[in-house]
Amino acid sequence: ATPNLLTVELRAPEEIAPGSTIRISGLLGANTPDTDQLAVTGLRIEPLAKWRRGSGTIEMTVNAAPLVQTEQVLVQFSLGNPPTAQAAQRPSVTVLGRNTYGGPSQRLACVTTPGCLGVLTGAEIPRFTSLNVLESNRYEGRENILTFFLESNVAVSAGESITLTGLPAGDRPLVRSPGGVERYRACAGVQTCSVLISQETFPGTIATGARLFVWGACEGAKRLASVTVCGKVVATALLEGQCASSQDFTGAALQGLPLESYCGEEVVVRVALRDAVPVNFHVKVIVAYVFDVTSSIARHDSVSNTHIISITSNASSLSPSALAPNSLAFALAFNNAPIKGAGVTPGVSGRLANGVVLAGTTSSVTVLRSGVRICNPVEVVGAEGSINGTIPLAAGSGTYRAATTAEQAESCIIVLQPPKPDGYLIRVQLSTLDVDELLDTVVVYDGDSPYSPQMGQLSEFKTALHLNRPGFFRAYEEFFASSCAVSIMVTSRIQAVEGSDLVQGVSNGRQGVALSFKVQDPERMDHIKAVVRFTGMVDSLDDVWIQMKLRKVMGEINGIMYTLVRFEAIAAATRATGPEAGPEAGRSVRDAKGSQGSNGSKGPEAGPASETAARLQAMEMRRAPSQRRASSDATIRVLATSPANALALSTLFSTALTTGVLTAGMNVAGIEGSAELIGFIYVYRCGIELDCDGTRVNISDPVPTPIPNIEATPTPFPLEQVVLLLAAFIAGPIIIFFCIIGMCVVMKHRDRKKAIAERKAALIAWEEWKEVYHQQLRDMDDEDREILFEKAKIEYGPVKESLWTWQNRIEDMTKHFFANTKGMGVNPDGVWVGLPKELYEIAEKEEEAEDEAE
């Protein structure tokens, strides 16, 4: 019969005292003869137990007191599976003898399997139940130690073999590969605190020692009275003067205390202070281990392309404390490829000594992919003439990551510094951001060092916590920097998390960061322009840091990165009404008073903006004359990612200026003063007003080559040539006439084709604009919307006892607004030249008809 290792974990509400007998009943069907010397492995249990096959009962004796009152009792023993399948057995556990209740024996709950579904069914085939493969790193060309942790539903011991699939060819020796597991706990309380940490290593490995670290906040560490480890008071390393008064510093009480002479499988640490004050200490245990190399080698079979390991010994069965003969662990060494690859997915199967085949399983992870580069402490990218590129630059490289080994820095800085003309931007696009957001960081700075203004921290989260102020912004979106360079600091950390095991010396599987960059001309992007008047400011608008604050405020209001907001010109306040109109001029869609705006505002003379302006004006009058500032007009460009985005930004920016939102944001940022819109907001659309793709090139007219002087030679009268010339004079007009007719036909066809294209583009733009404007009308306050309809002489409520409301006249309002807007219905410009007038003149005709009827 196949042996079946049973694990029993008992947790009683009170102490299970030494001398008590634990009886487990109901293990019927087990194919093991009666014996009084059944081998038992466990904590606080005698090594031999009494087994009775007929009743399915095993009895064992508790031989030690617990370290804490409710400490668990853990025991394992092996019984033969039934020869045939049977119903699952649900054992019961009884404690006989003295216990803390002082009364009759107590029946405990079965926790042998989750939900106590039962054991000894004999229905499963022998198989590997799990295969966990870890790799030490993914760095290009580096040695990569693969560690294999296997579990099966039967014991794996010497004389048996396992078969590995999916690995690169060639014999592979087993390696000891020293490793460790780090366990961290916070110790908190009032005057005293205690923590319990296991110092068991992983099943299948050989423990080589454990060390204890205890540290606390400085003020608490100064009040330290004692540290007790497993009931023994130990001397601490904390000396007076080692700890500063600030809570930012920590005081080490124990640094690497060996635990072999103090504790068993579990470590109990108690920290006591001299005073009744809160305890804020931390406890960490690092358990070191190596892998068993007795089996020596994983031999490659070229026929089946597999690796076979003949098991000489199993470290799990050699270590009495491991309690896991069903586990096996070993390590093999490989070399990562110099470039990123597809990797491999290992699998495992086996054969027992009695010839029984262990069914296989496959790892859930892919290893040996390589493709990760260790970035240098500082790496500058962008040689002369290199205005675009990718990071990493090395051919075949996948991503950059900061090293986490002892000999390498944990942070590195990538400086993107391509040569660019003044006024151009650096556009950065992330292609990969694969980091542990609890431990790793990728921070972007608008400049050539981490001392430059921080743009934000890249985040994999779908929703950004912050877009502009120091915080997070979304990855996988383009972002722009206006400085001469962009600095990206990549930091990788190794740190244990409360309640979790940190395996030292293995990769967490994260790839790091990869990106592309290019130089971008902002004139070839969709954008809006506006002149904003700043009044009542104490700070100078020429100050770059004040501009930075204002850009971040405007970016946050518009929901974009602050680097998309640019100050282009600053001058003393004038009566300027907007940017100079030129060949690239767009169309005005908003004005300062809001009479044409979709938000229906009554202008700066009413609402919160006027109240704020009045308060600021009063403050300015009270200010000393030497501190007052004259008003300044700033031309601001806001870059957009699409035509629809440009239209949306124009609405948001207009609303922020006319309702006082921008002024309020300035005050929150610590900038006194107010802001108002002067003139119009201009929208510049890519491909219409501007040549955004840069494919058009001005070509000068060709210059004819001069004819050299040639000496004339007398010739006879050319009669034949004269006749031909006369014939040409007669036929010429006829040919010219037909050529003119042909050219007219071609030009008419070309003009018609151009008109069709312009009409098609205009109709597409019309539908996009209508959808945006409809949404703006729906988002307005009811009172403002009604005023807007009344100004347009369009009925807002029910009409002549019908059920029609403003929602039924929203199309008329849209056409009216378009027909009366400069650059749209009035003197159409740009794309609107090709829009048929009948689309937006219907409302005007209906109004004229209604006036005549009245």
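Residues numbered from 1 in each chain as written. Predicted model: local features only at pLDDT ≥ 70, side-chain atom pairs only at ≥ 80, totals over all residues. Heavy atoms only, no water.

(A) Spatial organisation of helix H8 (residues 782-791). Those residues of H8 that sit buried are Asp784, Arg785, Leu788 and Phe789. Buried residues in H8, looked at end-on, bunch into an arc of 140°, giving them a common side. For H8, the exposed residues set more than 90 degrees away from the buried face come down to Glu783, Glu790 and Lys791. Remark: lysine 793 follows H8 within two positions and exhibits a positive phi of approximately 60°. (Buried < 20%, exposed > 50% of the residue type's maximum accessible area, 1.4 Å probe, protein only. Helix = DSSP H or I, 4+ residues; strand = E, 2+ residues; numbered from the N terminus. Arc of directions from axis to C-beta.)

(B) Looking closely at the state of the cysteines. One pass over the full model with this rule turns up two disulfides. One disulfide in the model links cysteine 187 with cysteine 193; its S-S distance is 1.8 Å. In this structure the cystine formed by cysteine 187 and cysteine 193 twists about its S-S bond by roughly 115°; its chirality is therefore right-handed. Under the relative-accessibility criterion, cysteine 187 is labelled buried at 1%. Look at cysteine 193 and you get buried, because its relative accessible area is 4%. (Disulfide = S-S within 2.5 Å.)

(C) Spotlight on the packing of helix H3 (residues 544-558) against helix H5 (residues 643-658). Interaxial distance between H3 and H5 falls to 10 Å at its minimum, and their mutual angle equals 115°. Along this stretch, H3 crosses H5, giving a crossing that reads as right-handed. Contacts from Met554, Ile557 and Asn558 in H3 reach Leu649, Leu652, Phe653 and Ala656 in H5. (Axes fitted to C-alpha atoms, helices over the stretch in contact; angles between N-to-C directions. Left-handed = near helix turned anticlockwise from the far one by under 90°. Contact = heavy atoms within 4.5 Å.)

(D) View of the pairing of strand S3 (residues 35-42). Of the pairings in the sheet, the one linking S3 to strand S4 (residues 48-52) comprises three bridges and is antiparallel in character. Bridge pairing links threonine 35 to tryptophan 51 in S4. Between S3 and S4, which pair antiparallel in sequence order, lie five residues; one of them, arginine 44, sits at a positive phi of approximately 65°. (Pairing = 2+ DSSP bridges.)

(E) Fine view of the sheet that holds strand S10 (residues 143-152). Pairing is antiparallel across the open sheet formed by three strands, whose spatial order is S9-S10-S23. Bordering the open sheet on either side are strand S9 (128-135) and strand S23 (327-335), each of which pairs with just one other strand. The mean angle between the axes of side-by-side strands here comes to 20°, regardless of whether they run parallel or antiparallel. Note that S9 and S10 share seven bridges and pair antiparallel. Among the inter-strand pairings, glutamate 135 is bridged to a residue of S10, identified as leucine 146.

(F) Representation of a nonpolar patch on the surface in the model. On the surface, Ile734, Phe737, Phe738, Ile741 and Val745 cluster together to form a nonpolar patch covering roughly 530 Å² of accessible area. For isoleucine 741, the location among the structural elements is in helix H7 (residues 719-779). Among the residues examined, isoleucine 741 registers a relative accessible area of 42% and is labelled partly exposed. (Patch = residues over 30% accessible without salt bridge, like charges linked within 9 Å, V, L, I, M, F, W, Y side chains within 5 Å. Areas by Shrake-Rupley, 256 points an atom, 1.4 Å probe, with all protein chains shown as cover. Salt bridge = Lys/Arg side-chain N within 4 Å of Asp/Glu carboxyl O.)

(G) Just the packing of aromatic side chains, in detail. Enumeration over the complete set of coordinates arrives at 12 aromatic pairs. By the ring-pair criterion, three or more aromatic residues cluster together here, those being Phe149, Phe202, Tyr289 and Phe291. Just above the ring of phenylalanine 213 sits the side chain of lysine 284; from NZ or CZ to the centre is 5.2 Å. Here the basic side chain of lysine 529 rests over the ring of tyrosine 684, its NZ or CZ set 5.8 Å away from the ring centre. (Phe/Tyr/Trp six-rings, centres within 6.5 Å; stacked < 30°, edge-to-face > 60°. Lys NZ or Arg CZ within 6 Å of the ring centre and 35° of its normal.)

(H) Looking closely at the packing of H3 against helix H6 (residues 661-668). One way to put it is that H3 packs onto H6 with a least axis distance of 10 Å and a crossing angle of 130°. Comparing the axis directions of H3 and H6 gives the class oblique. When you trace H3 past H6, the crossing you get is right-handed. On the side of H3, the interface is formed by Leu550, Val553, Met554 and Ile557, while H6 contributes Val661, Leu662, Gly665 and Met666. The residue inventory of the contact of H3 with H6, partitioned by class, reads seven nonpolar, one polar and no charged. (Parallel < 35°, antiparallel > 145°, perpendicular 65-115°, else oblique. Nonpolar A, V, L, I, M, F, W, Y, C, P; charged D, E, K, R; others polar.)

(I) How the structure looks around the pairing of strand S32 (residues 441-445). Along S32, five of the five residues are buried, which leaves the element largely enclosed by surrounding structure. Of the two faces of S32, both are covered, the one formed by Thr441, Val443 and Tyr445 as well as the one formed by Val442 and Val444. Bridge count for S32 against strand S36 (residues 486-491) is five bridges, and the pairing is antiparallel. Bridging across to S36, valine 444 finds its partner in isoleucine 488.

(J) Inspection of the nonpolar core at higher detail. Core analysis: the biggest nonpolar cluster contains 58 residues, and Phe534, Leu550, Ile636, Phe653, Trp769 and Trp832 have the highest contact counts within it. In terms of nonpolar packing, the next biggest core, distinct from the first, is built from 36 residues, Phe149, Ala210, Val267 and Val279 among them. (Core = buried A, V, L, I, M, F, W, Y, C linked by side-chain atoms within 4.5 Å.)

(K) A look at the environment of glycine 19. Summarising the element assignment, glycine 19 is placed in the loop between strand S1 (3-10) and strand S2 (21-25). We classify glycine 19 as exposed; its relative accessible area is 54%. Between the alpha carbons of glycine 19 and glycine 97 there is a distance of 7.4 Å; along the sequence they are 78 residues apart. Those residues in contact with glycine 19 that lie beyond four places of it in its chain are Thr61 and Val62.

(L) Fine view of the confidence of the model for the chain. Looking at the chain, the pLDDT average stands at 75 and 74% of residues meet or exceed 70. This model gives residues 244-249 a pLDDT under 50, and the stretch forms 12 contacts once residues within four places in sequence are excluded. Counting contacts from residues 462-470, a segment whose pLDDT is below 50, to residues more than four positions away or on other chains yields 27 contacts. (pLDDT = per-residue confidence, 0-100.)

(M) Structural context of the side chain of histidine 774. Following the sequence through the fold, histidine 774 ends up in helix H7. We classify histidine 774 as buried; its relative accessible area is 12%.

(N) Main features of the pattern of salt bridges. This model, assessed by the stated rule, comprises 10 salt bridges. Among the ionic pairs, glutamate 182 bridges to lysine 284, the shortest N-O distance being 3.8 Å. With glutamate 182 in strand S13 (residues 179-190) and lysine 284 in strand S20 (residues 278-291), this pair connects stretches of sequence that are 102 residues apart. On the accessibility criterion, glutamate 182 (10% relative accessible area) is buried. Across the pair arginine 183 and aspartate 501 runs a salt bridge, and its minimum N-O distance is 2.9 Å. In this pair, arginine 183 sits in strand S13 while aspartate 501 sits in strand S37 (residues 501-504), placing the two residues 318 residues apart along the sequence. Connected through shared salt-bridge partners, Lys529, Glu568 and Arg637 make up one network.

(O) Fine view of the environment of leucine 48. Checked against the element boundaries, leucine 48 lands in strand S4. Along the sequence, leucine 48 and aspartate 36 sit 12 residues apart, while their C-alpha atoms lie 7.3 Å from each other. In this structure, leucine 48 is in contact with Asp36, Gln37, Leu38 and Ala39, ignoring residues within four places of it in sequence.

(P) Inspection of the sheet that holds strand S14 (residues 192-198) at higher detail. Spatial ordering of the open sheet is given by S14-S19-S16-S17, a layout of four strands whose pairing is antiparallel. Of all the strands in the sheet, the pair left with one neighbour each is S14 and strand S17 (232-234). The mean angle between the axes of side-by-side strands here comes to 25°, regardless of whether they run parallel or antiparallel. Where strand S16 (residues 224-229) lies against strand S19 (residues 266-273), five bridges are found, and the strand directions are antiparallel. Paired with valine 227 across the bridge in S19 is valine 271.

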